[in-house]
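# Observations on the model geometry
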Amino acid sequence: MSRKIGRSTEDEITLEARNVQKYFPLKMGFFKTLMSKSVPVVHAVESVSFKIKEDEVFGLVGESGCGKTTTGRLLLRLIDPTDGKIFFKGIEVTSLSDREMRRMRRKMQIIFQDPYESLNPRMSVFDIVAEPVRIQKIAKKESEVHERVVRVLEELDLTPPEEYIYRFPHELSGGQRQRISIARAFILRPQFIVADEPLSMLDASIRSEVANLLIGMVKRLHVSFLYITHDIALARYICDRIAVMYLGNIVEKGPTDDIIRKPQHPYTEALLAAVPVPDPTARRTEIVIKGEVPSAVNPPSGCRFHTRCLYAWDRCKKEEPKLLPTEENRLVACHKYKYGHLK
Amino acid sequence: MYFKTMRGYVKAVDDVSFQVNKGDALGLAGESGCGKTSTALTILRLLPWNGEIFGGSILFDGKDLLKLDKERLRKDIRWRRISVVFQGAMNALHPNKTIGNQIMEPVISHEGVNREEAKERAASLLDLVGIGASKADRYPHELSGGMRQRTMIAMSLACNPDLVIADEPSTALDVIIQAQVLKVMKELQEKLDLSIIMISHDLSMIAEMCNNVAIMYAGKIVEYGDIVSILRTPVHPYTEKLIAAFPSIIGDKKDLASIPGFPPDLLYPPPGCRFHPRCPYAMNVCKIKEPQISDTGGANHFVACHLVTGK
């Protein structure tokens, strides 16, 4: 399922995030807001940079609260970043007006996680899938809208389409619903799609079916795809490259297979060790790190992972590690690699 | 122990048999709607009002739970002998009570001890699951998901049961926290010599936790036996597909298999083998005759499929 990743840097970049940052003000009571000098903020995304090439599936992997969903939404400007820039095909998305942004969304779409909540229960399948076409006023005639809807449903194996277009979401199974939301994202033939955990709510047997369909669509239509997930095992089958996030920062970035075979950041290592394996005889290294993700309101100083890291030393508490190359196509933010292993 | 179960209008659980020995962990695996949770609820007779048990027996220590009167079942069996960790347990805690008090509740009502003693028990249970007795005065909202889940586990152990039924004990949790919870459960199982029935759609989790597994499809057990044998050499086509549908981070990358079609409507389950409409190897006999669960020849490995048991 993996495709070759172009080696030259001149490859067409579809999307670039440059030091994107997002702080959310913490909700407090009225009185507290008056009395305190500064509003505490949640450091949801600290500083995230990556490029997604044409035709590439890029994965953002991490636990809940690591900022991966926020990053996905920032890219489409569903929320505005606190700092940093986002480029789509060389155009700076972050400086577009709302009206320009709306036009831009023809080319940028999103698939949400929950197929039970992201479809309007009062709209028929036809209306749900046709909505983007109508909003963007792309079709001249209603028959053209119909044609487009039928085609995209067929592409997603919802055949015959006539059987589905008059139904309502509650008449469909979870897998079918998720295919409807995928159809909605693909109907405008976008060049870039963000998929926020599109498979996590589905059962294993249905999940692999939808995953294969999704990948087929992405490949066939040459879409740049950002796949957000907590499931690193599934990411292996879907993504060409992944970035592992922890508390608002990318800690490791590289080709999916390389990272899974040989994780370099201690967090990635722990994350991989925690993934259950469907093989009872498999002997694995047991690294179960203690504790839970610290609060993003007061993130730890220095390396944000040092409070749970098995290798942390003094420097990790003071100095924040930068994302540096450790080998070809691989970036890791850990002092271990810059200063050598001190243990 | 030996379980034999029911026959319903919606044939949620149909002629299911398995046994769990002391200190054993059995996994019940299958897609949603296959009857895993209903099986668990049947064991404790916790079915909703429209659930009816039509036949079979549930033998626990030689006693048939289905013949026991309700009051006895509540007093003597639930909590004290068999306890449950429910699905989405993190939301099953009472929001206005401290976790210490919630753990004390079953202890007081089932063992008739005084508050002081119950409090001590609660404290030691919290220590046991790695939360720490100092957190007994916290309310559920002050705890993270993983800690709430561990509180539920502590609670299920409150009256020293012999069997714990865990229904999707860690599905809503992140991988690292999930690994922590599984580790706690595994350690406790060894320490307390518990029997566990773990219900999950996630085969990989069952592989980590259990020594036996029953694969369910449309209310029936299609394959049952030793976990290594089943995951290594699955015999039933459904099991085979289900395993292939799971992504794994070890070994070579294979394409993800999928099972075409949908699980059947259990109001009108298909005749013969319930999997035949989706089965790539279906023969004529599969449409007519229901396969019986029988030995595959391997040690502790049973399957219900005409392919194996002869044409």
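Refer to the structure presented above.
This section reports on the structure supplied with the text. (Residues numbered from 1 in each chain as written. Chains lettered and ligands numbered in written order. Predicted model: local features only at pLDDT ≥ 70, side-chain atom pairs only at ≥ 80, totals over all residues.)

### Quick look at the overall build of chain B
Worth spelling out the cut-off: Under the scheme used here, helices are H or I runs from DSSP no shorter than 4 residues and strands are E runs no shorter than 2 residues, and both carry numbers assigned from the N terminus. The globule rule is 2.2 Å times the number of residues to the power 0.38, and the radius of gyration it is compared with is taken over C-alpha atoms. Buried means a residue has 20 or more other C-beta atoms within 10 Å of its own C-beta, exposed means 12 or fewer, and partly exposed covers the counts in between; C-beta atoms are placed from the backbone.
Each helix and strand counted, chain B has 11 helices and 12 strands in total. Against the 2.2 N^0.38 benchmark of 19 Å for 311 residues, chain B shows a C-alpha radius of gyration of 20 Å, consistent with a compact globule. Taken over the C-alpha atoms alone, chain B extends approximately 65 × 50 × 35 Å along its principal axes. Burial statistics for chain B: of 311 residues in total, 49% are counted as buried.

### Observations regarding the overall build of chain A
Inclusion rule: Contact between two residues is assigned when their C-beta atoms, built from the backbone, lie within 7 Å.
Each helix and strand in chain A was counted, giving 13 helices and 12 strands. Against the 2.2 N^0.38 benchmark of 20 Å for 343 residues, chain A shows a C-alpha radius of gyration of 21 Å, consistent with a compact globule. Oriented by its inertia axes, the alpha-carbon framework of chain A measures out at about 70 × 60 × 40 Å. Considering only residue pairs separated by 6 or more positions, chain A has 66% of its internal contacts joining residues 24 or more positions apart.

### Overview of the interface of chain B and chain A
Listed per partner, the contact involves 38 residues of chain B and 33 residues of chain A. In terms of residue count, helix α6 (residues 175–192) of chain B provides more of the side of chain B that touches chain A than any other element does, seven residues in total.

### Thoughts on unusual backbone geometry
Across the junction of A:T159 and A:P160, the peptide omega takes the value -10°, indicating a cis bond. Tracing the sequence through the fold places A:P160 in the loop between α5 (142–155) and α6 (162–165). Positive phi outside glycine occurs at A:R77, with the angle close to 55°. Of note in this structure, B:W79 is not a glycine but carries a positive phi near 70°. Mapped onto the secondary structure, B:W79 falls in the loop between α2 (70–77) and β6 (82–85).

### With respect to the nonpolar core
Applicable threshold: By convention in this section, buried Ala, Val, Leu, Ile, Met, Phe, Trp, Tyr and Cys residues joined through C-beta atoms within 7 Å make up a nonpolar core.
Counting residues in hydrophobic clusters, the biggest one holds 187 residues, and the most contacted among them are A:V129, A:L226, A:Y227, A:V244, B:I197 and B:I215. Among the elements that take part in this core, α6(B) stands out by supplying nine residues, more than any other. Beyond its immediate stretch of four places on either side in the chain, A:V244 contacts A:V61, A:G62, A:I250, A:V251, A:E252, A:H265, A:Y267, A:T268 and A:L271.

### Remarks on the packing of helix α4 (residues 125–135) of chain A against α5(A)
Residues and elements named next belong to chain A. Selection rule: Axis lines are fitted to C-alpha atoms, over the contacting stretch for helices. Their N-to-C directions set the angle, which ranges from 0 to 180 degrees. Oblique is the label for any angle not covered by the other classes, which are roughly parallel (under 35 degrees), roughly antiparallel (over 145) and roughly perpendicular (65 to 115). By convention the crossing between two helices is left-handed if the near helix lies anticlockwise of the far one by an angle smaller than a right angle, and right-handed if it lies clockwise. Each residue is assigned to one of three groups, with Ala, Val, Leu, Ile, Met, Phe, Trp, Tyr, Cys and Pro labelled nonpolar, Asp, Glu, Lys and Arg labelled charged, and all others, Gly among them, labelled polar.
Where α4 contacts α5, the two axes come as close as 10 Å, and the packing angle between them is 120°. As the angle between them shows, α4 and α5 are arranged oblique. Pair α4 / α5 crosses with right-handed handedness. Packed against α4, whose contacting residues are F126, V129, A130, V133 and R134, the element α5 presents V145, R148, V149, V152 and L153 at the interface. Each residue belonging to the contact of α4 with α5 can be placed in one class, and the counts come to eight nonpolar, no polar and two charged.

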